Amino acid sequence: MDAGGGGGLIINNKQKAMLPNKRGEFIRNQRKDSEGFSESPDLEFEYADTDKWAAELSELYSYTEGPEFLLNRKCFAEDFRTHVTDKKWTELDAAQHRAHAMRLLDGLEVTAREKRLKVARAILYMAQGTFEECGSEAEVQHWMRYNIFLLLEVGTFSALVELLNMEIDNSAACSSAVRKPAISLADSTDLRVLLNIMYLMVEAIQQDDPADTVEWRAARETFKTELGSPLYNNEPISVMLFGMVTKFCSGHAPHFPMKKVLLLLWKTILFTLGGFEQLQNIKVQKREELGLPPLPEDSIRVIRSMRAASPPASASDLIEQQQKRARREHKALIKQDNLDAFNEKDPYKTDDPREDEDDNDDNDNSLEPETFPLERDEVMPPPIPHPPSERVSFPKGLPWAPKVREKDIENFLESSRSKFIGYTLGNDTDTVVGLPRPIHESIKTLKQHKYVSIAEIQIAREEEFQKTPLSGGEEEVEMSSTELLYQGILPSLPQYMIALLKILLAAAPTSKAKTDSINILADVLPEEMPTTVLQSMKLGVDVNRHKEIIVKAISAILLLLLKHFKLNHIYQFEYMAQHLVFANCIPLILKFFNQNIMSYITAKNSISVLDFPYCVVHELPELTAESLEAGDNNQFCWRNLFSCINLLRILNKLTKWKHSRTMMLVVFKSAPILKRALKVKQAMMQLYVLKLLKVQTKYLGRQWRKSNMKTMSAIYQKVRHRLNDDWAYGNADLDARPWDFQAEECALRANIERFNSRRYDKSQGNPDFLPVDNCLQSVLGQRVELPEDFQMNYDLWLEREVFSKPISWEELLQ
């Protein structure tokens, strides 16, 4: 059976009724999904770094900012008419375009705030594609890119960074905002205009179009390098934006437009460090450099090829043959059921409808279309051979290549030796003397699938550096964008993580409005609150959309940073991950998922006619309550599904191989919350939910496993196999024993601190390890500056310290 969701059996109603409850569950669901009777259809969602470009542009602006589009155009037109007469912007040549851009740039340096804001608005109108002269959205996007590359060429970005710094340090604006009882859109006007231009520049320049000129490609690469380098205030742009986030969360600058800051921060990290495909390329390249075997598969492609539910297995003319096969398999299924009853030591047990918790608890019929391969291949008797036309072809193989760690091989060999021979050999994984032949075969299979990660190599090297600080030599650290960013955020990384999680909590739909929580709506609330029902509805949609975009940006920032730091150095990843855990990231994400997740993913918090650039090209229809409620026609909301997958991936990264954190999932009762998330019929989301359920299965108890067999089957089919991982049975092993969780985190923390102080804390270097000059001539030849009082009393010093003290030369010589 193909674990990615290949074909399966189709059973008629009569046979379905005959199947026993326990194992027949798989086949009943198979029919339901394969014939398209499922209540929720598969979601045609393709996970990527970002949504479509138009969607990413529209999410920058809230609907309450709508009137400002015309204000920007007015500021540009006034300035344009005074310098260029009787011509449109689109009719000028390149030299005139450049001259006008330079003139606007000079205008940013005036001291009068009002004049400077007008010039900034005119530049923003250019970055928005001089939309008044465009007839279509495609034309707006074309002129946007042209104008933005022009603005980049004349040096606008550096000027904007300087102005942004001025606004961040504007203590008058901060103190005024702190004193206000209610903050609105008007309090952040200057900051919003600057951040809008910067976001549009980063977003447009990072778009890689095959039609781009050589000059544009060169400009893109230069801009990318500059963004990631400490050129602005001796720190990368991302560090400055992180500073804005912490200042906002501390309550010193409640007027900061946080959504725009987070979007710019996300796009800057994405542009400078790279997205998911670049991460895969870096991983392949690093493995090659370290001499490790290539990756067993491209994870992005595997996940994209997986399906959440099975389509029909074969053509309709094979149904009869399948039905014959189903009758034969019916006997095997009954035998299996009896076998189960015998194993449970309860042969008199009847089929209790309450025992099947999957249906009663979460109704996740939509999940398990395929039969359980282990049951089919290993428990059932072999089928009677038939001609090929009679046979149903099952695609073979699971989606992932199995993996085994060196530690797993060591544990297996140790237990085998102590069982068969009665002694152990420590870390020896080669000596198999005295062990039975099947154990030899097992070792061979395990070694075939052994996977050494980049992290294991980095940990081993770090241990070597700590053991031999003198002979280990100097570590060559490649100054990549990731390394520069880590060095920039290292001093304040804990505060940055706490700030991001605070905002995520405030934006989560499950959070209740509290008086002490931070106000993230500063850049969406209008100066005058709505007076009509229609205005209130529009503002309600806007506020919900605003929160969704914030969740999207934060989830993407955290995931990108975790993935890049893990590739750059495992202890950089562990440092960030540990501070996320300390800041209660795990219960926060579980709280986020403890809602009706289908409602969140299908939410219609958008008004398509008000989205940029549609709203500036077309005449706006009159908004009514019906048109606001209608929303778009998509079956799901891209950004919300993207956010959910990101948060699940973050949770997986935080808990993988960490028993203390896995126990947090158990303690916070994550299993029912995660099971509800399986209702979303999207393969990638289901995969990450199943991974989280797999790591805690052994701790959930036998009854849970027994009554959640469909979920267990799905884990078997979709999640990668660790060959000697006893996840499904919960037998007592090293991982399931009582664990000193505090000691585990403390040991990790000690390793991280040693790494950070060795690599980045040059002032705290051990004086015993500093180089010493032992040459007599050079030491005596050094000129030593002596203080004046010493020189005046030199004769007294000689008398007291040298002449008057007896010296035993024999003792000195010995």
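What counts and how
Residues numbered from 1 in each chain as written. Predicted model: local features only at pLDDT ≥ 70, side-chain atom pairs only at ≥ 80, totals over all residues. Heavy atoms only, no water. Phe/Tyr/Trp six-rings, centres within 6.5 Å; stacked < 30°, edge-to-face > 60°. Buried < 20%, exposed > 50% of the residue type's maximum accessible area, 1.4 Å probe, protein only. Helix = DSSP H or I, 4+ residues; strand = E, 2+ residues; numbered from the N terminus. Expected span 1.5 Å × (residues − 1). Arc of directions from axis to C-beta. Contact = heavy atoms within 4.5 Å. Polar contact = N/O pair within 3.5 Å; in protein donor to acceptor, adjacent residues only side chain to side chain.

**Let's talk about the packing of aromatic side chains**
Counted under the stated rule, the structure contains 30 aromatic pairs. Both rings, one in Phe-45 and one in Tyr-47, keep their centres 6.5 Å apart while their planes meet at 55 degrees; by these two values the pair is tilted. Pair check on accessibility: Phe-45 and Tyr-47 agree, each one buried. With centroids separated by 5.3 Å and ring planes inclined at 80 degrees, the aromatic side chains of Trp-143 and Tyr-146 adopt a geometry described as edge-to-face.

**Brief notes about helix α5 (residues 94–107)**
Spanning 14 residues, α5 covers 20 Å between terminal C-alpha atoms, matching the ideal 20 Å at 1.5 Å per step. Every buried residue of α5 is listed here: His-97, His-100, Ala-101, Leu-104, Leu-105 and Gly-107. In a view along the axis of α5, the buried residues occupy a sector of 155 degrees, so they form one face of it. For α5, the exposed residues set more than 90 degrees away from the buried face come down to Ala-95 and Asp-106. Buried-residue contacts for α5 involve α4 (68–83), α6 (113–127), α7 (137–153) and α8 (156–168).

**Details of unusual backbone geometry**
Between Phe-612 and Pro-613 the backbone carries a cis peptide bond, its omega angle lying at 5 degrees. By secondary structure assignment, the location of Pro-613 is in the loop between α27 (597–601) and α28 (614–617). Here the phi dihedral of Thr-130 falls at roughly 40 degrees; this positive angle occurs in a residue that is not glycine. Looking at where Thr-130 falls in the secondary structure, it is placed in the loop between α6 and α7. Under the relative-accessibility criterion, Thr-130 is labelled buried at 0%. Here the phi dihedral of Lys-669 falls at roughly 50 degrees; this positive angle occurs in a residue that is not glycine. Positionally, Lys-669 belongs in the loop between α31 (659–667) and α32 (670–677).

**A word on the side chain of Asp-611**
As for its position among the elements, Asp-611 is in the loop between α27 and α28. Judged by its relative accessible area of 17%, Asp-611 is buried. Within the local environment of Asp-611, its side chain forms a polar contact with the side chain of Tyr-63, the two groups lying 2.9 Å apart. With sequence-adjacent residues up to four places away left out, Asp-611 is seen in contact with Ser-58, Tyr-63 and Arg-545.

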